[in-house]
Amino acid sequence: MTTDYTKVFQDTDAVEKYENVTYAPESYASQINQRQRDYLRTLVRREFGPRAPVQHDFACGTGRAIRTLHGLVREAHGYDTSAAMMAKAAEVGSHANWHQVPSDGPVPEPVAAGHPAIVTMFRLLLNVDEAIRDRALAFAAKALPEPMSGLLVVENHGNAGSLRHLRARRHRDDRWFAELSHEQVEELLTRHGFEIVERRGFSMITPSLHGNPLARVADAAVRRLPGTDGYAVNVLYAARRAHA
């Protein structure tokens, strides 16, 4: 995977396309986002109860994860390398304190806003190389130094154990067609002192099947079956710092 992914969204046209085309109403990405929103809001209510956490959204983009948790956090901070992305986030109604971070160098420091906290990391891990993944998880470890500090939620939107993998064989030279297995995600989290406490899948079909009504019905049915999240294309992992 190329390491220039972060450079793409310095361009305002790319940001507009991401917000208005990729996440257009009723699109594949927007429907997954709605399912993730329902899950994440339920997770925060269950795990934090009346103690509203601080949100640190790393690689916040246009603030979709921040908007997901509006009203459930006491304070939100978005971190991104792209000023254009954060400007769009504010424009579309994401309420947070914005922090532009460099694309390399020392691990960025999370704002000292107290605990409990939730660190969210969406549409990042799949699109960058191992060094950037490690940098992102090192940031999360700083924000969540102990098991009781809060939760980390990361997204893998290209599970190597899903139907998407069949298409990957035809796209080996496509720099945007990356995959991550559950084992790779778990190893990354473990390396930075996290342990997975929950895993949830959000789509069994690929974008190419999104327009097929029968495929969407089958997707909805299969997603409800226990144990199928391991085969989902898009997966969220909730993790805590492991006990020493």
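Residues numbered from 1 in each chain as written. Predicted model: local features only at pLDDT ≥ 70, side-chain atom pairs only at ≥ 80, totals over all residues. Heavy atoms only, no water.

Visitor: Now, about the packing of aromatic side chains: what can you tell me, with residues and values included?
Guide: Across all of its chains, the model carries three aromatic pairs by this definition. The interplanar angle of 65° and the centroid separation of 5.6 Å between the aromatic rings of tyrosine 39 and phenylalanine 202 together place this pair among those described as edge-to-face. Here tyrosine 39, found in helix 3 (residues 28-48), pairs with phenylalanine 202, found in strand 6 (residues 194-203); they are 163 residues apart in sequence, far enough to count as distant. Taken individually, tyrosine 39 and phenylalanine 202 each receive the classification buried, so the pair is uniform in this respect. On the basis of an interplanar angle of 65° and a centroid distance of 4.8 Å, the ring pair of tyrosine 79 and phenylalanine 139 is categorised as edge-to-face. Within this pair, whereas tyrosine 79 is found in strand 2 (residues 75-80), its partner phenylalanine 139 is found in helix 6 (residues 130-143), the two being separated by 60 residues in sequence. Of the two residues, tyrosine 79 and phenylalanine 139, both sit in the buried class. Arginine 241 extends its terminal NZ or CZ atom over the ring of phenylalanine 194, reaching a point 5.3 Å from the ring centre. (Phe/Tyr/Trp six-rings, centres within 6.5 Å; stacked < 30°, edge-to-face > 60°. Helix = DSSP H or I, 4+ residues; strand = E, 2+ residues; numbered from the N terminus. Buried < 20%, exposed > 50% of the residue type's maximum accessible area, 1.4 Å probe, protein only. Lys NZ or Arg CZ within 6 Å of the ring centre and 35° of its normal.)

Visitor: Describe the pattern of salt bridges, naming the residues involved and giving the relevant values.
Guide: Here the structure, examined in full by the defined rule, presents eleven salt bridges. Salt-bridge contacts for aspartate 134 lead to arginine 191; the nearest nitrogen and oxygen are separated by 2.7 Å. With aspartate 134 in helix 6 and arginine 191 in helix 8 (residues 182-191), this pair connects stretches of sequence that are 57 residues apart. Between arginine 191 and glutamate 187 there is a salt bridge, with its nearest N and O atoms 2.3 Å apart. Here the residue arginine 191 and the residue glutamate 187 both occupy positions in helix 8, the gap between them amounting to four residues, near one helical turn. Relative accessible area serves as the criterion here: at 37%, arginine 191 is assigned to the partly exposed category. One salt-bridge network, in which partners are shared between bridges, spans Arg46, Glu47, Glu198, Arg200 and Arg240. (Salt bridge = Lys/Arg side-chain N within 4 Å of Asp/Glu carboxyl O.)

Visitor: Pulling in residues and values, what's your account of helix 6?
Guide: Turn by turn, an α-helix covers 3.6 residues, leaving residues three or four places apart pointing in a common direction. Over its 14 residues, helix 6 runs 20 Å from end to end, which matches the ideal 20 Å to within 8%, given 1.5 Å per residue. Most of helix 6 sits inside the fold, with ten of its 14 residues counted as buried. By the burial criterion, the buried members of helix 6 are Ile132, Arg133, Arg135, Ala136, Leu137, Ala138, Phe139, Ala140, Ala141 and Ala143. (Expected span 1.5 Å × (residues − 1).)

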